[in-house]
Structures are given as C-alpha cells and as structure tokens.
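Spelled out from the first residue to the last, the chains are:
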Amino acid sequence: MSAFETFLQGTIRTATPLAFAALGETVTERAGIINVGLEGAIIAGAFGGFVTAGFAGTWAGFAGAGIAGVLVASIFAFFTIRLRANQIIGGTAISLFGLGLTATLYRQIYGATGAALSIPTMGAMKVPLLSSVPLIGSSVFEQPPITYALYAIVPLVWVWMYYTHAGLGLRAVGEDSRAAAAAGIPVRRTQFLAILFGGFLGGVAGGVLVIAQSGSFAEGMSAGRGFIAIAVVVLGRWHPLGVLAAALTFAAASALQYLFQAMGWTIPYQTFLALPYVLTLLGLAGIAGKARPPGSLGKWQTLD
Amino acid sequence: MTAELALFADSVVRAVPLILTGLAVALAFRAGVFNIGAEGQFLVGAAAAAATSIKLASFPGVATLIIALTSGAIAGAFWAAIAAELRRRFHVLEIISTIMLNFIALYLISFVVRGPLQEPTHIYPQTESLAEAARLPIIMPGTRLHAGIVIAIIVAILLSWIFRNTAIGFRIRAIGAGPRAAQTAGMIDVERLSWAVFLWSGAIAGLAGAIEVSGVTFALYENISPGYGYTAIAVALIAGLNPLAVIISGVFFGALETGASALQRDFAIPSSIAGMTEALLILATLAFAGLRNRSIGLSGNER
Amino acid sequence: MRIAFGMIAPDAGTIRVRGRPVRFASPSDAIAAGIGMVHQQFSLVPEMTVAENVALGGHGRYDRQQVAARVLKIAGRLGMTLNPFTKVRELTASERQKLEIVRTFAHNATTIILDEPTAVLTPADIGDLFVQLRSFADSGGSVILITHKLQDALAHADEVTVLRKGHCVLNAPMISVDETSLADAMLGRAQDIQSPLQRKNPVQSRIVLELKNVSVLNDIGVEQLRNISLQINAGEIVGIAALEGAAKPLLRLLAGRMAPTSGDITQPLSVGFVPEDRLQDSVIPNFSLIENMALRNSATHSGRLNWPEIRNTTADVVSRYDVRTSSAHARMADLSGGNQQKFVLGRELNDRPELLVLENPTQGLDIHATAEIHDRIRTARDEGTAIVIYSSDLDELAALSDRVLVVGKEIATTKPDRDVIGRSLLSRMT
C-alpha cells in the first residue's frame, strides 16, 4: 500500500468515531441544545461497548455502547430540560461524571492495575468490487463494517432532517422554540429525543474506539473527542454532510503523521498529538461569521 | 505529629491548587466566561515557574521565588488570552477553545520535559529540581504544608472583597448575571470586561501551577496535575461561585482526594471514586438550584 | 385564548368544540380541532421561509414544492401576495400577519383567534383584514378578536365579551353596547378616555438634543438611518412612529447606546433609557432591586460602592413610584411586570436626566399599570425633562405626544393624531 493509501485509511479510521459523535451532536444542536456532555457519552459508550462485547460479541457490543451513551445523555436531558439547568455547566458535569464513573467501574470490575484486557474486535471487511477501486478503494471500502454503517447513517439523517416534517420540526425548535411551540410542535419532547439520539451516536463512537480500534478500554480514552466533535459540528455548519466532511478533514490532519514519517521528516511526536486540537482552534476561528448556529442554541427560551 | 494532623495537613496541601484554580473558575464563571481551561493555564504556569526558577538560579532565593510565581501568573494569563482573543475576534465558544488549549498545554509540557527543560542526565522526562532557596517555605514543620495556602487565602479574601464592595466587582457580577442589561442599562463594555476577567482568571490558575511547582513538586513533570483544573469546576460550583466558600470547598475536595488516595492504598477502592463523587456533587448542586428555580448567579442565557 | 389554543391547560372547567368536550394537550390538538391562532408576536421562525413556517406541525414527508403551491393558492384566494420562499425575517409586520392568517387557513381552521392584530398595521391593512375576516365569518367560520381598540370592536364584531382581572364582566351582542359602557366594563369605573390631557406648562425652547445629518450603518454596512436631523426641546414629549426595525437604531442613538457613523449629535450627559425588552436589556432578574438600582451608570462608578446610599435611593424610588414589593432586597424577577417597569422608570428618572427615551414602555402591561406609567411620563415632562417615546401603539402616541416623528430611513413630523400618523407610516412603506 502506498503512503497515500495508508494515509487515507488512517484518515477514515480516525474519522469514524469523530463523525458518529459529531453527527449525533448535530441533531442535538439543531434542536437548540449544546451538549458538552458528549465526552461523557463517548467514554460511557467505550466502557459499555467493552463490557458488552466481552460476553456478547461485536455487534451486541455496539448496541451496548449506544445504550450506555443514551443513559448518560438522559441524565443531561433531565437536568437541562426538566430542571432548566445551565447547559454548559450541566454538560461539563456529565462529562466529568462519565469519565469518573467509567474509570471507577473499570478498576472495580477489572482490577486496580488497569491491565489491558481484550475483547473480540471488529476487523476490516473488504467490500467486493468497490475495494478494488484504484487509490481510494483500499481505504474507503476496507474498513470495519461499523464504518459502513456510518456511510449509511449520514445520508439517512440528512434526508430525515430536510425532507420530513419531523426534521423540519426539529430545525424549527432549534431556530426559535417559541415559534415552534406556537405551531404545535412539542418542543421539550423534541429536544429530549434529540439529546438521546446524540447520546446514542456518541456512545457508538466510544464503541468504535474500543471494538473496532484498540480492542481494550483505558481510562479517559475518549481524549477530548467529544469536544473536538462539537467543533466539528460548527465547522460542518450543523449540516450532516458538512459535518462528515469536517470530521474527515480533522482526521486527515492527524493522519498526516503517517505521511510525514513516510517522507522521513522528523518532527516531535507531540506535534501530531496536539495537531487536532490546534486545528480545531484554527478551524473555529476561520469559520467565524460565515456559519450561523441554530437560533436558540444554548439559550433557554420560555415556552409561554 | 499525630496521624490526624498529618492527614489534615496533607488535605490542605492538596487543597491549595484546588482553591486557587477554583477561584480562577469562580471569577470567570461569575463574569459569564466559561473558562474550562484552568487545567492548561495551571500547566503553563507550572512550566513558566519551573523554567524561571531553574534559569535564574543565580538570583537570591526570595527574588527567584517571586519572579517564578509572577511568571507563572503571566503565563496563565497568556494562555487564557489565546482563548479570550479567539472569543473576542472570532466568536469562538470559550468552552471549546479552552479545552483544546488544555490538551495542547499537556503536549507542550510533554515536549518541554523531554527537550529544552529536561534534567541534565536526560534520562527522566522531568526538569531538574528547584534550588532550596527558590522553594516556598513550609509553615507547619513536619508536614508538606507550605506558604502557598496563605497566598490562596489572601487571593480568596481579595476577590470576595472586590465582589462585595467595589464598583468593578459589581460590574463583573452584572455582566455574568445579565450581559445585555449590563450593556444597555449599565453602559458596561461587556466584551472588554469579560476579556480582562478571562485573563485574570488565567493568571490565578497559572499562579496555582507556579505554587504547586515551588511548594510541592519542586520540579516539572508530565502528570503534575491530576486534573486540578477540572476539579476546580466542581469546587467553584459547589461553593456557589463565592470566593470565601471556595476555600472551604477546596479543602473539602482536598480531603476527598487525599482520603481517596488513602482508600485506594489501604482498601483498594479506586481513587477515581473521588472524580465521580465530585461530578455527582455538581449534579446535585444543579438539581438543587434548579428546584429552587434560581440560577447560581448566572443567567441561563448565552450572551 | 392560550387555553383555547392548547398552550396552557385549564385548572378547572371544560372546553367544548361544537358541543363536544375536548382536552387540548398542546397546540397541535387545538389545530386538529380546527382552531387557528394569529399571534401578536413570536410565533414565526424568522430564519425559515414562508413555506416552511406554514408547513410546521405537519406529518410525514415534507415536500417543499407542494407546500409552496398550497401557500400560493390560499394567498391568492384571500387576495394576498406572498412569496413562499422568502425568509420571514425579510417580511414586514403586516406581511407576517398575512402569513399567519394563511397558515391558519392552511390548517383548515374553522375558528380563528386573532390577538391584537391591528397594533402594527396601517389603516389600509386594517381595512383589508376586516374585509377578509367578515367574508370568512359569512362563509361559516368563527372569529375571536382580542383587542383593546374599542372602535375596532364596535365597528366589526357581532358579539362582545369583556374580561377584567380574569373574570367575565360583560357578554352581550354588540348592538346593545356603546363605547362608554365598554370602557366602563373594562376599567371598572367611569372614565373619560377620549379627551387629551392638558399640558401644565408650554414646551420650553431649550434644545436638549440635536442631530445634524446623522447616518447610521449597522455592522454589515446596511444603512439604518440616513441623514437625520432633528431637535428635541426640554419639557416636550416627542413620539416616534416607525415601521418595525427602524425605531431601534434611532432610539439607541438618542439614548447614547449607539454611535452615529457620520454626522453630529449633541447629547445631554445624563440620559434615561427604558428599552422594550425589560428582562433582557433593562434589569437583571436575579439581582435584587438594590442591585438593579446600582446598575444605572455603573460603568462610571469607581472604587468602593456606597451600598447604604444605594439602599436609601432604592427605598426612596420604591415609595415615590409606588412599586409594590415585599422589600428593597426582593429579587426583580419576583415583581410583576408593571411594578418592574415603574421601578425602571424611577431608576432612570432618579438622577433627573435631561432626556428620557422610552421604547414601548407599556407593552404587555395591564390598563392600570399603563395609566400609571403614562402619568409618570407626563409628570416628568412637566418638570422639564425632554422625552422621546416610541410606541407601536398609535393611540398611545397620539395620547401622549406633543408632536410625532414618523421614521423610515428619513424623518417626517406629524400631528399626534392616530389617522395622520397611520397614513404617514403607510406612505413610507411603499
């Protein structure tokens, strides 16, 4: 495989969990809620996936990951919607909670040494015919099947958001929840479901990290991906397709280290570790003024 | 030296960075600036303090110490300024930018302790130890309790006084609780004041890092912060963003984490339980505030 | 009416539609029962198009073209022109109202509730509106018109119900009542609401504020005000009538909250400002009254704050302006809207500013609070304060102002007469 193909494969590999999480957060933010607790959903999904896959196999593992994400997100939903807590603070608390809980449970269940136990993993699967496409076939179509699920979910969410009344309702809630309420749309229920959906995909993202990539769980392995995902949502301008593109761009940047290594350039490895975060900052600055967030994002508008 | 006293002293030692970073967070949150970057600001403050202490080894001890602490504060303010500028010029949400900067700071420290500041034998990923004279004095003999606690308490009292009695303290509270009203009715330049508060918040967090290096670790290494900047959020929120209450909250969390370490050592209960407890406490505070239908001094709306 | 539209659930009693008792869990239930509502504000999503707003609340697949065609059909039937693909934020107030009506028809409403529909309309539009409502009623529909404009009610309604303080005090066929009996029912006592209140002193000739060739561009370079020149004298009330969006920049300019892009402005040092969105722009709801008092001019305060003095000032304002509150330490959010506004007025007038700028000061307030605020404004005028008041209620402007400025991008002066103002506004629209 050429250096470029390695680079592309690494890109898609890195992009997959990011895209899942960002897609879920897109739906949440389109309903006007910013969920910085996404990190908590991801790490919960990683742990949930790890545990479930351990006794029920890979696909069940992903289901367990998704459910774990939903559970964490539902706590956030309760605080934000029912108790009208400040979304930023509530989300931060949920992330801290998720990180702390998963670390505690992991040590409790698997021993204080934190030894790397492994579980069945999901390997790459070639798509017949398509994986022979020159240049991109070996990377785009030779991925763990969960990535193919991603390829399918993105357009599904897109169609749902723009070509169904339910999607229109979601977007209205995110733009102006008072107007949406006046039009008869159940605002709180919409936001609640949007948060849960975001949590589900966030959990799946965590599952990808464990089941389709590392094969084991480590404390804090989400490594800020939840926050990067939020940036990806901004860069993708809150549009499912844009978010996928933004996730790929990010992943490409951090996969650059393979290209650089192949070309024999020696750069301190910390540069590549820091690169996604630096890119997030640059990207967010660059998008300034050009992207408009959903009108009621982060605010709480009274419904009466 | 009784065991209880030693444990208490240890809790206070643990509390110093928590109090200071908690104050940094409380100050920022009060002004409506969601500075989640206390962790990164702490780290760069620690790095700056270590670097100056080591490079200025020829200066008299007290001078080195003061310069080290000051440079730590300045470094923290600088790190916060990156996010503040991104917020001001590009409307980048500071919760995202500060978290990104936390990670960048982490890798920066990793690079620095393996490169430019690495100890002379080039074996361990850490700096050389600080000279005796450049260290904070111990105020309780037989323990690790250093003068940093005094600094922390002074900063807390100062902030409390500012909030209660001064015009600028009132303005800071106003921009956090009602930014639009502050602008329209109070004629306050919200953007400029938030920017300034952001930097002061970073400075306090940076000072916390400098104190930790100068008073406890006496060197810079990779895991110098077990997440102080994140725990600080819990510390600040539980204290209701009240500077004096942050002292108590900080000591409480310090005891929690000291106790958690002891629990892990003696009873094999994961010390991560502290982190979880802290998060649960935040949630409990939020629930309580929500049920009483009051915000914790903040408007629920975005600016 | 919000109960009728399913936005709030009743605590007692029954709702019946065509004789059958119903319960509305949400507006979509009400819509399904054939009830449509034309709201006063905040019911359209500004960033979405006309078609999207009409489509809101539907089910299943969303076909943009299909909805657009429907919008055009209904609009045509009602004699309106509406482009289904324009964003709502680009529509004028009367166009938005038309959209709301189209929307109720799109949902096959048999009963339409209109909430203060004429507040922002020109006389021509009002005429059109009532023609459409009458023809709707003639073809079997029902119309509920919520209004405080007695003239509108008398001229167009068949039956009237008067609610006061939550009770029904009058329900009768329109032919059996007249203006006086309606006013009595609404206010609870005989009131002569027609004669304008006489000024105590004449307008002074001292100029308090002057604009010369002032233009304002907003931050994306769009011209909001062009070459405005005007003068405001001490002791006069100048009313501002404007199309939605045009008044805001002018008021903020006058109040010193915005700088002109070009031109000269001579402003007094001390200006009181009572903006429209009280809870966002005027007060901090979670702060106490005392803290809200400290908000005024807080940017100029330095050093230590003299809390005892601020406490005294607050207590003084509370008593002088009859602000009903448990104490000066009470949270602003715990006060009623009327009392909040009285407090704001007292705070802004406390240091006797030379100019007071008000933006829809009585919006959302009940009749008594409104009357109190009007009294205070007149008192301030009699004491020599120059007053600029913007109101989307043309009757309020007519009742209070000495002269009225009609604002589009430029300015024209008119008499404080409702119809004159209305016609002038209309000519600015085309």
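Since the structure is predicted, the reported quantities are computational estimates derived from the model, not experimental observations.

Novice: Please clarify how the overall build of chain C should be interpreted in this entry.
Specialist: Within chain C, the regular secondary structure consists of 15 helices and 16 strands. Counting only residues that meet the buried cut, chain C has 38% of its 430 residues in that class. Taking the contacts inside chain C whose residues are at least 6 apart along the sequence as the reference set, 66% of them involve residues at least 24 apart.

Novice: Whenever I open this one, the overall build of chain B confuses me. Can you help?
Specialist: Scanning chain B for helices and strands turns up eleven helices and zero strands. Listed by position from the N terminus, the elements making up chain B come as α-α-α-α-α-α-α-α-α-α-α. For 303 residues, the compact-globule estimate of 2.2 N^0.38 gives 19 Å, and chain B sits close to it at 19 Å. When each of the 303 residues of chain B is scored for burial, the buried share is 60%. Contacts spanning at least 24 positions in sequence make up 78% of the contacts within chain B whose residues lie at least 6 apart.

Novice: When you look at helix H1 (residues 3-30) of chain B in this model, what are you seeing that I'm missing?
Specialist: Within an α-helix, residues lying three or four positions from one another point in the same direction, as the helix has 3.6 residues per turn. Residues and elements named next belong to chain B. Helix length check: H1, at 28 residues, gives a terminal C-alpha distance of 38 Å against a target of 40 Å (1.5 Å per residue), a fit within 8%. Within H1, the axis deviates most sharply at Ala15, by approximately 35°, and proline Pro17 lies no more than four positions further along. Burial runs high along H1: 22 of the 28 residues are buried. Just downstream of H1, Gly32 is the residue with a positive phi angle, here 80°.

Novice: Looking at this structure, how should I read the nonpolar core?
Specialist: Most often, soluble globular proteins keep nonpolar side chains buried together rather than apart. Membership of the largest hydrophobic core comes to 314 residues, with the highest contact counts inside it found for A:Val232 and A:Ala247. A domain-level breakdown of this core finds at least three residues from each of domain 1 (15-147) and domain 2 (207-429) of chain C. If we skip the residues at most four places from it in the chain, A:Val232 touches A:Leu18, A:Ala22, A:Val243, A:Ala246, A:Ala247 and A:Phe250.

Novice: Teacher, can you tell me more about the packing of helix H2 (residues 38-55) of chain B against helix H8 (residues 190-217) of chain B here?
Specialist: Helix packing geometry: the angle between the two helix axes and the distance between the axes. All names here are of chain B. Taken N-terminus to C-terminus, the directions of H2 and H8 make an angle of 50°; their axes are 6 Å apart at the nearest point. For the element pair H2 / H8, the angle class is oblique. Crossing geometry of H2 relative to H8 is assigned as right-handed. Here Ala38, Gln41, Phe42, Leu43, Val44, Gly45, Ala46, Ala48, Ala49, Ala50 and Ser53 of H2 lie close against H8, whose contacting residues are Gly202, Ala205, Gly206, Leu207, Ala208, Gly209, Ala210, Glu212, Val213 and Ser214.

Novice: Would you mind showing me how to read helix H9 (residues 187-214) of chain A here?
Specialist: Residue and element names in this part refer to chain A. Spanning 28 residues, H9 covers 39 Å between terminal C-alpha atoms, matching the ideal 40 Å at 1.5 Å per step. The sharpest bend along H9 reaches about 30° and sits at Gly207. With 23 of 28 residues buried, H9 is to be regarded as a mostly interior element. Gly215, located one to two residues past H9, shows a positive phi value of around 80°.

Novice: Please clarify how unusual backbone geometry should be interpreted in this entry.
Specialist: If a residue is not glycine, its phi is most likely negative; likewise, a peptide bond is most likely trans. In this model, A:Arg237 sits at a positive phi of 55°, which is unusual for a non-glycine residue. With respect to the helices and strands, A:Arg237 occurs in the loop between helix H10 (225-235) and helix H11 (240-262). Overall, the presence of 17 C-beta atoms within 10 Å leaves A:Arg237 in the partly exposed class. In the Ramachandran plot, B:Leu241 falls in the positive-phi region, its phi being about 65° despite a non-glycine side chain. With respect to the element layout, B:Leu241 can be found in the loop between helix H9 (228-238) and helix H10 (243-267).

Novice: Is there a simple way to think about the interface of chain B and chain C in this case?
Specialist: Contacts between chain B and chain C engage 17 residues on the former and 20 residues on the latter. Residue classes in the side of chain B that touches chain C are distributed as eight nonpolar, six polar and three charged.

Novice: Got a minute to help me understand the environment of B:Val150 in this structure?
Specialist: Its location among the elements puts B:Val150 in helix H5 (residues 148-165). B:Val150 sits in the partly exposed class, given 13 other C-beta atoms within 10 Å.

Novice: Looking at this structure, how should I read the packing of helix H3 (residues 58-82) of chain A against H9(A)?
Specialist: All names here are of chain A. Between H3 and H9, the shortest axis-to-axis distance is 6 Å and the interhelical angle comes to 140°. Overall, the two elements H3 and H9 adopt an arrangement that is oblique. When the axes of H3 and H9 are compared, the crossing they make is right-handed. Its residues assigned to classes, the contact of H3 with H9 shows 16 nonpolar, twelve polar and one charged.

Novice: Whenever I open this one, the pairing of strand E4 (residues 111-115) of chain C confuses me. Can you help?
Specialist: Here is the key point about a regular strand: its side chains alternate between the two faces of the sheet. Residues and elements named next belong to chain C. Across four bridges, the pairing between strand E3 (residues 35-38) and E4 is parallel. Across the sheet, the residue bridging to Met37 is Ile113, located in E4. The pairing of E4 with strand E5 (residues 142-146) spans five bridges and is parallel. Directly across from Thr111, in E5, lies its bridge partner Ser142.

Novice: For this particular structure, what's the right way to read the pairing of strand E12 (residues 271-274) of chain C?
Specialist: Residues and elements named next belong to chain C. Along E12, one buried face is formed by Val271 and Phe273 and the opposite face, lined by Gly272 and Val274, is buried too. As judged from the four bridges shared by E12 and strand E13 (residues 355-359), these two strands associate in the parallel manner. Across the sheet, residue Gly272 finds its bridge partner in E13, namely Leu356.

Novice: How should I be thinking about the sheet that holds E4(C) in this particular structure?
Specialist: As a general point, the strands of a sheet are linked pairwise by backbone hydrogen bonds and lie either parallel or antiparallel. All names here are of chain C. The strand order across the open sheet formed by three strands is E3-E4-E5, and the pairing between neighbours is parallel. Whereas interior strands pair on both sides, the edge strands pair on one side only; in this sheet they are E3 and E5. Strand-to-strand twist across the sheet, computed as the mean angle between neighbouring axes with direction ignored, equals 15°. Strand contacts of helix H4 (residues 93-106): E3 and E4, with the helix running at about 175° to E3, the strand carrying the most contacts.

Novice: I keep staring at the environment of A:Gly184 and nothing clicks. Help me out?
Specialist: Checked against the element boundaries, A:Gly184 lands in the loop between helix H8 (177-182) and H9. Its 22 C-beta neighbours within 10 Å are what place A:Gly184 among the buried residues. Taking the C-alpha atoms as reference points, A:Gly184 and A:Phe97, separated by 87 residues in sequence, lie 36 Å from one another. Dropping the residues within four chain positions of it, A:Gly184 is found in contact with C:Ser26, C:Pro27, C:Ser28, C:Ile31 and C:Gly57.

Novice: I would appreciate a short explanation of the confidence of the model for chain C in the present structure.
Specialist: Atomic detail in the predicted coordinates should be set aside for any region of low pLDDT. Taken as a whole, chain C shows an average pLDDT of 83; of its residues, 88% reach a score of 70 or greater. The ipTM assigned to the predicted complex is 0.86, against a pTM of 0.82.

Novice: Explain the confidence of the model for chain B to me, please; I cannot follow it from the model alone.
Specialist: With 92% of its residues at a pLDDT of 70 or more, chain B shows a mean pLDDT of 88. Scored below 50 in pLDDT, residues 293-303 of chain B shows 31 contacts in the model against residues more than four places distant or in partner chains.

Quick notes on the rules
- Residues numbered from 1 in each chain as written.
- Chains lettered and ligands numbered in written order.
- Predicted model: local features only at pLDDT ≥ 70, side-chain atom pairs only at ≥ 80, totals over all residues.
- Helix = DSSP H or I, 4+ residues; strand = E, 2+ residues; numbered from the N terminus.
- Buried ≥ 20, exposed ≤ 12 C-beta atoms within 10 Å, placed from the backbone.
- Contact = placed C-beta atoms within 7 Å.
- Rg over C-alpha atoms; globule rule 2.2 N^0.38 Å.
- Expected span 1.5 Å × (residues − 1).
- Bend = angle between axes of the 7 residues up to and from the residue.
- Core = buried A, V, L, I, M, F, W, Y, C linked by C-beta atoms within 7 Å.
- Domains from an automatic or database assignment.
- Axes fitted to C-alpha atoms, helices over the stretch in contact; angles between N-to-C directions.
- Parallel < 35°, antiparallel > 145°, perpendicular 65-115°, else oblique.
- Left-handed = near helix turned anticlockwise from the far one by under 90°.
- Nonpolar A, V, L, I, M, F, W, Y, C, P; charged D, E, K, R; others polar.
- Pairing = 2+ DSSP bridges.
- pLDDT = per-residue confidence, 0-100.

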